[in-house]
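# Topology and contacts: notes
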Amino acid sequence: MYKLPKGFPNDFLWGGAIAANQAEGAWDVDGKGVSMADIEELPLEYSRTKVVGFKHTKDEIIQASQDRTKYFPRRVGIDFYHTYKEDLALMAEMGFKCFRTSFNWTRIFPTGIEDTPNEAGLKFYDDLIDEMIRLNIEPVMTISHYEMPIYLITEYGGWYSKKVLECFIKFCKVLFERYHTKVKYWIVFNQINSLGGWGEFASLGMIEDGYDDWASALYQGTHHQLVASALAKKIAKEIDPSMQIGMMLGDDATYYATSDPKDIFANTQFMQRTVYFYSDVLIHGEYPGYMLRYFADHDIHVKMSDEELKSLKENTVDFLSISYYHTKVIHAQDKEPQPNSYLERSIWGWAIDPIGFRNSLNQYWDRYHMPMFIAENGLGALDEVIDGKIHDSYRIEYLKAHIEQMKEAIKDGVNVFGYASWGPIDIISCSQGEMSKRYGYIYVDQDDRGNGTQKRIKKDSFYWYQKVIESNGEILE
């Protein structure tokens, strides 16, 4: 007899997620090299609805990497490099079962091309992971989260180059050999479908200098990332078959704007090209026909060897992880998705759509029947400290609604095994580079220019999430 789940499984992994480049700081200590994140400065004037550009020439990148006069927010982070014990203790107090963060590539291989890793960088992650385990917090580690060494960008052209693929696999092998007995869950690339706009630099490490065919170059870089994921899986299983190797999508879900068949099919094609392509390759193990046709129709040429295609087929991922924040709508006549007029939006322009979360989870489950981990979900907001307290009911309302819908998806039969909200402690914003866009349950006294005491303060949402975890998602009020 079939038995429907009534709620979250008893071993559900509740927790939170950050990225090394947005939190650690300590950008030039203990032998760390310069990463792509270390050269992004906060503009003096910026729009809260516009993502920072991440577009550079080679000369600009080199100049920024050598600049010690301007304020680069990710160089400072929240000083997690030195405060991780205090911060993890607060997460343990909330009852965290898991914590997702990333390895900063440049701590371990400062330029990416070294033959041997930087032992001081590995020692930091030894201590960080050991502290998580001591606190009974399951480490969920991302290998690449927008932290590529600058040298691999300026000298080799980022992921367009097979040299970068080779350097990355060397990096993966070091991590798997060092941490296979301590880390079970691995995400190879954060939001591997970040192609487009800022993602061309942040994810692929590519700049539009010297390419006659930019579109083909971008998809060549994407292909190398897909192959790298498969090779990472192969190496991991050879070292320790118990390791679980996952992929991660940025769930940029869209709806068709009307019942006009043109809108419906435009949405189908958009989701195929920007989301499903990546997971179809890494889960099914082959390039889907719709993408091969897209390449042909748009004169895009990607070099793929038989050996690479064989590796993709034989080394598919063990689980799918996603980040979920918002949805948009597609009109056939528009080049880009548009805001959904039915939904309330945050001050950063992101539509708040909890039901869309359930919809996405069901869609992925129907397509893949693959275990799923929620790698990111949260609300960026402006928090005000009043008499030493932060009353963030808006954040609680957002998270409550999304957790409710996640629970409904699980009752629908979707296998979700963990939820890491973004980010449990205030960190530097990825998209805007500011500190005032806050997601955390823990407030960090620091402004957009790095000023402040860095004191940690528990928000109302801290105590709320503590009850959520303690009740395994049954108490959401």
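Now for a quick tour of the structure. (Residues numbered from 1 in each chain as written. Predicted model: local features only at pLDDT ≥ 70, side-chain atom pairs only at ≥ 80, totals over all residues. Heavy atoms only, no water.)

This part covers empty space enclosed by the protein. Empty space among the atoms becomes apparent when a probe as large as a water molecule is rolled across them. Scanning all chains against the criterion turns up 3 cavities of 30 Å³ or more. A volume near 70 Å³ is recorded for the largest cavity. Residue lining of the largest cavity: Tyr 325, Ser 346, Trp 348, Trp 350, Ala 351, Ile 352, Gly 378, Leu 379, Gly 380, Tyr 398, Lys 437 and Tyr 439, and that is the complete set. Here the residues of the lining of the largest cavity sort into 8 nonpolar, 3 polar and 1 charged. (1 Å grid on protein atoms, 1.4 Å probe; cavity = no way out; pocket = protein on both sides within 12 Å on 5 of 7 lines; lining within 4 Å. Points joined across faces, edges and corners; volume = space filled by probe spheres on them. Nonpolar A, V, L, I, M, F, W, Y, C, P; charged D, E, K, R; others polar.)

With that settled, the discussion passes to the packing of helix α6 (residues 119–134) against helix α8 (residues 162–179). Packing of α6 against α8 leaves a shortest axis separation of 12 Å and a crossing angle of 45°. Taken together, α6 and α8 sit at an angle that is classed as oblique. Note on packing geometry: the crossing formed by α6 with α8 is right-handed. When α6 is examined against α8, the residues Glu 119, Leu 122, Lys 123, Tyr 125, Asp 126 and Ile 129 are found in contact with a partner set consisting of Val 174, Arg 178 and Tyr 179. (Axes fitted to C-alpha atoms, helices over the stretch in contact; angles between N-to-C directions. Helix = DSSP H or I, 4+ residues; strand = E, 2+ residues; numbered from the N terminus. Parallel < 35°, antiparallel > 145°, perpendicular 65-115°, else oblique. Left-handed = near helix turned anticlockwise from the far one by under 90°. Contact = heavy atoms within 4.5 Å.)

Turning to the packing of aromatic side chains, a few remarks are in order. Going through the model one piece at a time under the given rule, you end up with 43 aromatic pairs. Ring geometry for Tyr 324 and Phe 357: centres 4.9 Å apart, planes at 25°, overall stacked. With Tyr 324 in the loop between β7 (319–323) and β8 (328–330) and Phe 357 in helix α14 (residues 354–368), this pair connects stretches of sequence that are 33 residues apart. Residue class for Phe 357 comes out buried when judged on its relative accessible area of 0%. Plain terms: the ring middles of Phe 373 and Phe 417 are 5.6 Å apart, the flat faces sit at 35° to each other, and that makes the pair tilted. (Phe/Tyr/Trp six-rings, centres within 6.5 Å; stacked < 30°, edge-to-face > 60°. Buried < 20%, exposed > 50% of the residue type's maximum accessible area, 1.4 Å probe, protein only.)

Any two side chains of opposite charge can pair, on the condition that their charged atoms come close. One pass over the full model with this rule turns up 30 salt bridges. Ionic pairing is found between Arg 134 and Glu 131, a salt bridge with its closest N-O pair at 2.9 Å. Of the two residues, Arg 134 and Glu 131 are both situated in helix α6; the distance of 3 residues between them amounts to about one turn of the helix. Its salt-bridge partner being Glu 286, residue Lys 313 comes within 3.3 Å of it at the nearest N-O pair. With Lys 313 in helix α13 (residues 306–314) and Glu 286 in the loop between α11 (261–284) and α12 (289–297), this residue pair connects regions lying 27 residues apart in the sequence. (Salt bridge = Lys/Arg side-chain N within 4 Å of Asp/Glu carboxyl O.)

We now examine the nonpolar core. Within the largest apolar cluster, 145 residues are counted, with the highest numbers of intra-cluster contacts made by Phe 168, Trp 186, Met 406 and Tyr 465. The contact partners of Tyr 465, leaving out residues within four places of it in the chain, are Trp 14, Gly 15, Met 94, Phe 96, Ile 403, Tyr 419, Ser 421 and Tyr 441. (Core = buried A, V, L, I, M, F, W, Y, C linked by side-chain atoms within 4.5 Å.)

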